[in-house]
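Residue-level structural notes
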Amino acid sequence: MSAESPFSSFQAPVTAIRLYRQVAKVVTRILDPKRNSSPPASRSDFSLNGHGRMSLEDVITEVQEKVIAHAVNGRHVQSVAHMVPPPPMVSVVADTLIGAMNQCAFIWEEAPVAADIETETIRWLNQIIGYSPNAFGLLTSGGTTSNLLAAYLALCQAKERSPSATSDRYCLIASDQAHFSVDKAAAILGLGREAVVRVATDHLGKLQPGEILHATDQALAAGRIPFLFICTAGTTNSGAVEPTGEFLQAAHYCNAWCHVDAAHGGALRLCNALPEKTALWAQADSISWDPHKGLYVSYAVGALLLKEHSARRHLEFHSEYAIKQNEDELDAGKWHFEGSRRFEALKLWMAIKHFGIDGYRELTAHCLWLAQECGACIHATADLQLLCEPDANIICFRFCDPTLNEEELNALNGGIQKALFKSGSPLVSSTRIKGRVWLRAVFLNPNLQSKHLADIVEAIRHEALAQVACVQQSKDGYNENFPRYKPSPEPQRVSPTT
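Everything quoted here is computed from the prediction, not taken from an experiment. (Residues numbered from 1 in each chain as written. Predicted model: local features only at pLDDT ≥ 70, side-chain atom pairs only at ≥ 80, totals over all residues. Heavy atoms only, no water.)

Membership of the largest hydrophobic core comes to 67 residues, with the highest contact counts inside it found for Leu125, Phe229, Trp281, Leu305 and Tyr360. The contact partners of Leu305, leaving out residues within four places of it in the chain, are Ile122, Leu125, Asn126, Ile129, Tyr131, Phe136, Gly137, Asp285, Ser286, Ile287 and Trp289. Counting 32 residues, the second-largest nonpolar core is a separate cluster that includes Ala150, Ala165, Ala174 and Ile230. (Core = buried A, V, L, I, M, F, W, Y, C linked by side-chain atoms within 4.5 Å. Buried < 20%, exposed > 50% of the residue type's maximum accessible area, 1.4 Å probe, protein only. Contact = heavy atoms within 4.5 Å.)

Spelled out as structure tokens, the structure:
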């Protein structure tokens, strides 16, 4: 189809009517996947050459063939690889409205109601955590930005209390399972990655009692100033929820800032899971929580919640062309890290209105139950090993074979994950904990039911047996560079393919 004048794309009613059916078919394909998508066999051509134009219909067709066909679809019941939930219809509709309105949630003149809606969503999140009405917060692009801002606020507080201290004395303390954004924050703040004190966890990736306090004593003895303690509530490796109380105790002892990184685990507060740990979050100075994970809004919606309203003073900036001095709080942009921002608060507000606390409790409880059920299924499978009982909705497990050494087992489990990803079903991720490679499943899909779990586990086991057969046939053993093998339709020995 020939391209029209570029001005025709702005004639909304005509364009919308003509494209409705085509877009509806594409969206239906996304919302009702028949199979997991898989990566392309070779790299697609996305070059932008020349001055020629394409019709909008042709552009959509190309997107369908080159992008959507190979996108990972979190709605499929065998897609359990990452912390990416399928967005509900309310979020899909909200994204359409946000894109159509194109409000810049920077100053009141650009988006008159954005600040009010964001304030209300933050109030709701703070209430769930247990913060007082005096609390504050900001919507961010996700946990990395939230953690960075928390580290900045902690450093500002530390410098106010010790203005003569040099930067090389400051350190922040977190476990070795804390998110890598902790190191990013230290680097961006000019402290360097060496400012991060990583406290060792055990073979399960969990902190042992007293380890944070011991690391604090060592830092103080070395003349360092611990200004920030980061407790991870839902580690990215295994979903472990760390003991908030010890972090709070250490922070209080050092007169430092305590931050809870609950980017993934924040939703645990909705169903009273692990109450002995989550109840203490409200005593922390700040909390990261990603609604684009456990609250099922599409990317990108994160949140930084602050226990004290006064902490925001370190984030306040002004500009004479937009954010002027001595004006009211309608210009939310004065505290945000970003300038121009999408009106993401509307999406979160709509989702909360749609689900309510009770709906979110049901969704969260369902996913926690799925993790427990899948763990039980793995326990019942002789050649699969579960890392540990899950704290949240992530489980780690691996295929074991007594004839293979540790290096071969690591390569085998890494190969299983890669082969499954190429085939498109099921999709799991992998991680490394204390030198061992583990397969990793994240349960955030409400479409997934217990009846699907046995199929997922059996498919993983079938792929593992096929690869083990290849390893045993090989004279050189199995290592990271071992060729990939296609699983046999039947559980029998297969020959390697190049």
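Let us now look at the packing of aromatic side chains. Summed over the entire model, instances satisfying the criterion amount to three aromatic pairs. Measuring from centroid to centroid gives 5.9 Å for Tyr170 and Phe227, while their planes differ by 80°, and the two rings are edge-to-face. Taken together, the residues span a long stretch of sequence, with Tyr170 in strand β2 (residues 170-175) and Phe227 in strand β4 (residues 225-232) at a distance of 57 residues. On the numbers, 5.1 Å between centres and 45° between planes, the contact of Phe355 with Tyr360 is tilted. Looking at Phe355, the relative accessible area reads 22%, which means it is partly exposed. The class of Tyr360 is buried, set by a relative accessible area of 0%. Through a chain of ring-to-ring contacts, the aromatic side chains of Trp124, Phe355 and Tyr360 assemble into a single cluster. Sitting over the ring of Phe136, Arg312 keeps its end group 5.1 Å from the ring centre. (Phe/Tyr/Trp six-rings, centres within 6.5 Å; stacked < 30°, edge-to-face > 60°. Helix = DSSP H or I, 4+ residues; strand = E, 2+ residues; numbered from the N terminus. Lys NZ or Arg CZ within 6 Å of the ring centre and 35° of its normal.)

Quick look at the confidence of the model for the protein now. Averaged over every residue, the pLDDT of the protein is 86; residues scoring 70 or more account for 87%. Across residues 477-498, confidence stays below pLDDT 50; counting only partners more than four residues off in sequence or on other chains, it has 44 contacts. (pLDDT = per-residue confidence, 0-100.)

This part is about the pairing of strand β6 (residues 286-289). Here β6 shows a buried face lined by Ser286 and Ser288 and a second buried face lined by Ile287 and Trp289. Here three bridges tie strand β5 (residues 257-261) to β6, and the two strands are oriented parallel to one another. Bridging from a neighbouring strand, His259 pairs with Ser286 of β6. Strand direction decides the pairing type here: β6 and strand β7 (residues 302-306), joined by four bridges, are antiparallel. In the strand pairing of β7, Ser288 is matched with Leu304. (Pairing = 2+ DSSP bridges.)

Right, let's talk about unusual backbone geometry for a bit. A cis geometry characterises the amide bond from Tyr299 onward to Ala300, with omega recorded as 5°. Structurally, Ala300 is set in the loop between α10 (291-294) and β7. Despite not being glycine, Asn102 has its phi angle at roughly 50°, a positive value. Assignment of secondary structure puts Asn102 in the loop between α3 (89-101) and α4 (114-129). Unusually for a residue other than glycine, Asn255 sits at a positive phi of about 55°. With respect to the element layout, Asn255 can be found in the loop between α8 (244-254) and β5.

A separate point is the packing of helix α12 (residues 406-423) against helix α13 (residues 450-473). To describe two helices that pack against each other, one gives the angle between their axes and the distance between the axes. At a minimum axis separation of 10 Å, α12 and α13 run at an interaxial angle of 120°. On the basis of the axis angle, α12 is oblique to α13. Here the hand of the crossing between α12 and α13 comes out right-handed. Of α13, the residues touching α12 (which contributes Leu412, Gly415, Ile416, Ala419 and Leu420) are Ala459, Ile460, Glu463, Ala464, Gln467 and Val468. Of the residues belonging to the contact of α12 with α13, the class tally is eight nonpolar, two polar and one charged. (Axes fitted to C-alpha atoms, helices over the stretch in contact; angles between N-to-C directions. Parallel < 35°, antiparallel > 145°, perpendicular 65-115°, else oblique. Left-handed = near helix turned anticlockwise from the far one by under 90°. Nonpolar A, V, L, I, M, F, W, Y, C, P; charged D, E, K, R; others polar.)

This paragraph deals with the pattern of salt bridges. For the structure shown, the criterion picks out 16 salt bridges. Between Arg341 and Glu118 there is a salt bridge whose closest N-O contact spans 3.0 Å. Separated by 223 residues along the polypeptide, Arg341 in the loop between β7 and α11 (344-379) and Glu118 in helix α4 bring together distant segments of the chain. The pair formed by Arg341 and Glu118 is uniform in burial state, with each residue classed as buried. With a closest N to O distance of 2.6 Å, Asp290 and Lys293 form a salt bridge. Look at Asp290 and you get buried, because its relative accessible area is 1%. Linked through salt bridges whose partners overlap, the residues forming this network are Asp95, Arg342, Glu344 and Lys347. (Salt bridge = Lys/Arg side-chain N within 4 Å of Asp/Glu carboxyl O.)

Now for the side chain of Glu246. Looking at the secondary structure, you find Glu246 in helix α8. One buried charged residue, Glu246, remains without a salt bridge, the closest side chain of opposite sign being Lys277 at 11 Å. Those residues in contact with Glu246 that lie beyond four places of it in its chain are Pro209, Gly210, Glu211, Ile212 and Leu213. (Lys, Arg positive; Asp, Glu negative; His and termini not counted.)

With that out of the way, let us pick up the sheet that holds strand β11 (residues 436-442). With respect to topology, four strands assemble into an open sheet ordered β8-β9-β11-β10, the strand pairing being antiparallel. Either end of the sheet is taken by a strand with one partner, and the two such strands are β8 (384-386) and β10 (429-433). Averaged over all pairs of adjacent strands, the angle between strand axes in this sheet comes to 40°, irrespective of strand direction. Pairing of β8 with strand β9 (residues 394-399) involves three bridges; the strand directions are antiparallel. For Leu386, the partnering residue across the bridge sits in β9 and is Phe397.

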